[in-house]
Structures are given as structure tokens and as C-alpha cells.
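Inside the fold
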Amino acid sequence: SIRLWSFSLQPHDRLPFRKHAYTLSWTCPSGGLAISRNSNGKITLLKLDYGDTGFHEPDMDSAIFDLENIGEEVLEITMIEHKSLTSSRVNVLSS
């Protein structure tokens, strides 16, 4: 199964840390500049162009992170959580 969600961050708004247990794919329909802080201390600067997409498989080091819009425009992100992909991967690794 999947879960679709989208959000907008005003300039300098920040989403709190969140644990991601499922494989994610995302797209950025607006473009913008953001910072993501990871639970292991890693900080990533993201320069997103209109229509950029990405894929993220959570692991022990990258499953908890935040997102802050450091740009001057509204940042829009649409995400899909692929619950069935993560379950299949976990089952294969457990066998």
C-alpha cells in the first residue's frame, strides 16, 4: 500500500524531526533551498529545482530527519510512502 502526502513550507519554516519507517519517493513542484538535519548529526543542503524527484530507503542512520526551508519562496514537496516496498525488503533480509 502507499500513502500520498504533500506539504508547503513558507520561507524559514521548519518541519520537526520525523521517523521515516517506509521507502519514500518525492517530487518538488516548486523548487527551492532547504536544509535537512539527520539524527546521526549529518546536515544536508538541498538545492531543489522545479520538478526534481528523489527516492529514499530508510536505514538506521537516515530514518530520522527534519526539513527547513531556507529559501525566500514557498517550498512544496509531494511524497509517497511505499509501505509494500519496505515490507518486501524487510522480509527478504529476514529470510
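Refer to the structure above for everything that follows.
These lines cover the structure that appears in this document, whether it is placed above or below. (Residues numbered from 1 in each chain as written. Predicted model: local features only at pLDDT ≥ 70, side-chain atom pairs only at ≥ 80, totals over all residues. Heavy atoms only, no water.)

A separate point is the overall build of the protein. Helix and strand counts for the protein come out as one helix and eight strands. Ordered by position in the sequence, the α and β elements of the protein form the string β-β-β-β-β-β-β-β-α. Out of the 95 residues in the protein, the part that is buried amounts to 32%. Restricting the contact set of the protein to residue pairs at least 6 apart, pairs at least 24 apart contribute 77%. Carbon and sulfur atoms form 56% of the exposed surface of the protein, whose accessible area is close to 6,000 Å². (Helix = DSSP H or I, 4+ residues; strand = E, 2+ residues; numbered from the N terminus. Buried < 20%, exposed > 50% of the residue type's maximum accessible area, 1.4 Å probe, protein only. Contact = heavy atoms within 4.5 Å. Areas by Shrake-Rupley, 256 points an atom, 1.4 Å probe, with all protein chains shown as cover.)

Strands sit in the order S2-S7-S4-S5 across an open sheet of four strands; the sheet is antiparallel. Every other strand in the sheet has two partners, leaving strand S2 (14–19) and strand S5 (43–48) as the edge strands with one partner each. Adjacent strand axes in the sheet meet at a mean angle of 20°, parallel and antiparallel pairs treated alike. Where strand S4 (residues 32–37) and strand S7 (residues 64–69) come together, two bridges link them in antiparallel fashion. In the sheet register, Ile 35 faces S7, and the bridge partner there is Glu 68. (Pairing = 2+ DSSP bridges. Axes fitted to C-alpha atoms, helices over the stretch in contact; angles between N-to-C directions.)

Here we take up the environment of Trp 26. Within the secondary structure, Trp 26 sits in strand S3 (residues 23–28). Once the C-alpha coordinates of Trp 26 and Glu 81 are considered, the two residues, 55 residues apart in sequence, prove to be 8.8 Å apart.

We now examine the packing of aromatic side chains. Given two aromatic rings, one states the distance between the centres and the angle between the planes to describe the pair. Throughout the structure, instances matching the rule amount to one aromatic pair. Geometrically, the ring pair formed by Trp 5 and Phe 7 is tilted, given 5.6 Å between the ring centres and 35° between the ring planes. Judged by relative accessible area, Phe 7 falls into the buried class, the value being 14%. (Phe/Tyr/Trp six-rings, centres within 6.5 Å; stacked < 30°, edge-to-face > 60°.)

The strand order across the open sheet formed by four strands is S1-S8-S3-S6, and the pairing between neighbours is antiparallel. The open sheet has two edge strands with one neighbour each: strand S1 (2–9) and strand S6 (52–56). Taken over all neighbouring pairs, the strand axes of this sheet differ in orientation by 15° on average, direction set aside. Two elements, S3 and S6, share five bridges in a ladder whose sense is antiparallel. Its bridge partner lying in S6, Leu 24 is registered against His 56.

Moving on, we come to the pattern of salt bridges. Within the structure shown, the criterion is met by six salt bridges. Across the pair Asp 66 and Arg 14 runs a salt bridge, and its minimum N-O distance is 2.5 Å. Of this pair, Asp 66 sits in strand S7 while Arg 14 is found in strand S2, placing the two residues 52 residues apart along the sequence. The buried category is assigned to Asp 66, whose relative accessible area is 1%. Take Arg 14: its relative accessible area is 43%, and that puts it in the partly exposed class. Put simply, Arg 14, Arg 37, Asp 66 and Glu 68 are held in one network by salt bridges that share partners. (Salt bridge = Lys/Arg side-chain N within 4 Å of Asp/Glu carboxyl O.)

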